[in-house]
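# Residue-level structure breakdown
In case you want the letters, here they are:
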Amino acid sequence: LPCHRGASRHPAFAAILTRSPALEGIFRYGEDIAASRQPALILGETGSGKELFARAIHAVSGVAGEFVAVDVSGLDDTLFADTLFGHLKGAFTGASGGRSGLLERAGGGTIFLDEIGDLSEVSQVKLLRLLQEGEYFPLGSDKPKRNRARVVCATNHDLEARQARGEFRRDLFYRLRAHHVCVPPLRERREDLPLLVEFFLEEAAAALSKRKPTVPDELTVLLGTYHFPGNVRELRSMIYDAVSLHGGGVLSTESFR
């Protein structure tokens, strides 16, 4: 997403289009915590822009290392450890050679763990040790490596509710939320709808090799009545679908209805 820039907004937040005072406040908080190497926890619904915010924090920090993102929701315990920590040759069946993990790739940058609320209990213990000790063991190794990457995590789950059900470790939760923020859903920042619609119309028209449609006056009003469970990502899909069906002139609202 492009950015409708506020007067004092850091250019690293140019990937987020908004006129929302709530989001502007989050941007300022992101600038404040960017230099910290403590973990950060980003909460928010699916499609609300959590990874964009994490990337912006990394960019503001100015560190030399990479931003490395990984969705941990589909990783079992062994794959989680292998993905983050790497392995030595012969560490497990089929390990014909050694491989560095994503922590090493990130170097002194940022490792972004998305969907952290889906992490298994065994993997939670491994992550907790990483945060507590600042070191990790590649699979098959008895020599620890130091972690230089900042850990930023995100989830659309209510982690406090998961703690109450015994599904998420309390000690890990408090380690992760040294810094924390909740990205508001699209329905709580409807003032952004006209900006987002215009941008996605241009993007979709270019991608589909069509002339950008004229926006009917009633479209923003219509979209303003919708709950948007999929947030900005859902709106983008809606726009692409409408433009793909568009023949010319004023954009039809039929697919939105």
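This structure is a prediction, so every number in the text was calculated from the model and none was measured. (Residues numbered from 1 in each chain as written. Predicted model: local features only at pLDDT ≥ 70, side-chain atom pairs only at ≥ 80, totals over all residues. Heavy atoms only, no water.)

## Focus on the overall build of the protein
The number of helices and strands found in the protein is ten helices and nine strands. Relative to its 257 residues, the protein shows a buried fraction of 47%. Carbon and sulfur atoms form 50% of the exposed surface of the protein, whose accessible area is close to 12500 Å². On the protein, the mean spot of the 32 positive side-chain charges and the mean spot of the 33 negative ones are 5 Å from each other. (Helix = DSSP H or I, 4+ residues; strand = E, 2+ residues; numbered from the N terminus. Buried < 20%, exposed > 50% of the residue type's maximum accessible area, 1.4 Å probe, protein only. Areas by Shrake-Rupley, 256 points an atom, 1.4 Å probe, with all protein chains shown as cover. Lys, Arg positive; Asp, Glu negative; His and termini not counted. Charge placed at Lys NZ, Arg CZ, Asp CG, Glu CD.)

## Details of the sheet that holds strand 1 (residues 40-43)
One open sheet accounts for five strands, arranged 2-5-8-1-9; its pairing is parallel. Only two strands of the sheet have a single neighbouring strand rather than two, namely strand 2 (67-71) and strand 9 (179-182). Recorded for the sheet is a direction-independent mean angle of 15° between the axes of neighbouring strands. Looking at chain direction, strand 1 and strand 9 are connected through four bridges and run parallel. Bridging across to strand 9, Leu 41 finds its partner in His 180. Along the sheet, helix 1 (residues 21-33) contacts strand 8 (150-155) and strand 9; its crossing angle with strand 9, the most-contacted strand, is approximately 165°. (Pairing = 2+ DSSP bridges. Axes fitted to C-alpha atoms, helices over the stretch in contact; angles between N-to-C directions. Contact = heavy atoms within 4.5 Å.)

## Concerning the packing of helix 3 (residues 77-85) against helix 5 (residues 121-133)
In the contact formed by helix 3 and helix 5, the axes pass within 9 Å of each other and the chain directions differ by 25°. With respect to helix 5, the element helix 3 is oriented roughly parallel. In terms of crossing hand, the pair formed by helix 3 and helix 5 is right-handed. Contact residues: Asp 77, Phe 80, Ala 81 and Phe 85 in helix 3; Val 122, Ser 123, Lys 126, Leu 127 and Leu 130 in helix 5. For the contact of helix 3 with helix 5, a count of residues per class yields six nonpolar, one polar and two charged. (Parallel < 35°, antiparallel > 145°, perpendicular 65-115°, else oblique. Left-handed = near helix turned anticlockwise from the far one by under 90°. Nonpolar A, V, L, I, M, F, W, Y, C, P; charged D, E, K, R; others polar.)

## Regarding the confidence of the model for the protein
Here the protein shows a mean pLDDT of 91. Residues at 70 or above account for 94%. Note that residues 1-7 has pLDDT below 50 and, in this model, 30 contacts with residues that lie over four places away or in other chains. (pLDDT = per-residue confidence, 0-100.)

## Notes on helix 10 (residues 231-245)
Under the 1.5 Å per step criterion, the end-to-end length of helix 10 is 22 Å for 15 residues, consistent within 8% with the ideal 21 Å. Every buried residue of helix 10 is listed here: Asn 231, Val 232, Glu 234, Leu 235, Met 238, Ile 239, Ala 242 and Val 243. Structurally, helix 10 contributes buried residues whose contacts are with helix 8 (193-207) and helix 9 (217-223). (Expected span 1.5 Å × (residues − 1).)

## Describing the packing of helix 8 against helix 10
Remark: helix 8 packs on helix 10, axes separated minimally by 9 Å, with the N-to-C direction vectors making an angle of 50°. Here helix 8 is positioned oblique relative to helix 10, judged by the angle of their axes. As for how helix 8 packs across helix 10, the hand of that crossing is right-handed. Contacts between helix 8 and helix 10 involve Leu 193, Leu 196, Val 197, Phe 200, Leu 201, Glu 203, Ala 204, Ala 205 and Ala 207 from the first element and Val 232, Leu 235, Arg 236, Ile 239, Tyr 240 and Val 243 from the second. Considered class by class, the residues forming the contact of helix 8 with helix 10 number 13 nonpolar, no polar and two charged.

## A word on the packing of aromatic side chains
Counted according to the given criterion, the structure contains eight aromatic pairs. Ring geometry for Phe 13 versus Phe 53: centroids 6.1 Å apart, planes at 40°, classification tilted. Taken as a pair, Phe 13 in the segment before helix 1 and Phe 53 in helix 2 (residues 50-61) lie far apart in primary sequence, 40 residues in all. For Phe 13, a relative accessible area of 0% gives the class buried. A network of ring pairs unites the aromatic residues Phe 13, Phe 27 and Phe 53 as a single cluster. (Phe/Tyr/Trp six-rings, centres within 6.5 Å; stacked < 30°, edge-to-face > 60°.)

## Regarding the environment of Arg 169
Summarising the element assignment, Arg 169 is placed in the loop between helix 6 (159-164) and helix 7 (170-176). Note on Arg 169: relative accessible area 28%, which makes it partly exposed. Discounting chain neighbours no more than four positions away, the residues touching Arg 169 are Gln 124, Val 125 and Leu 128.

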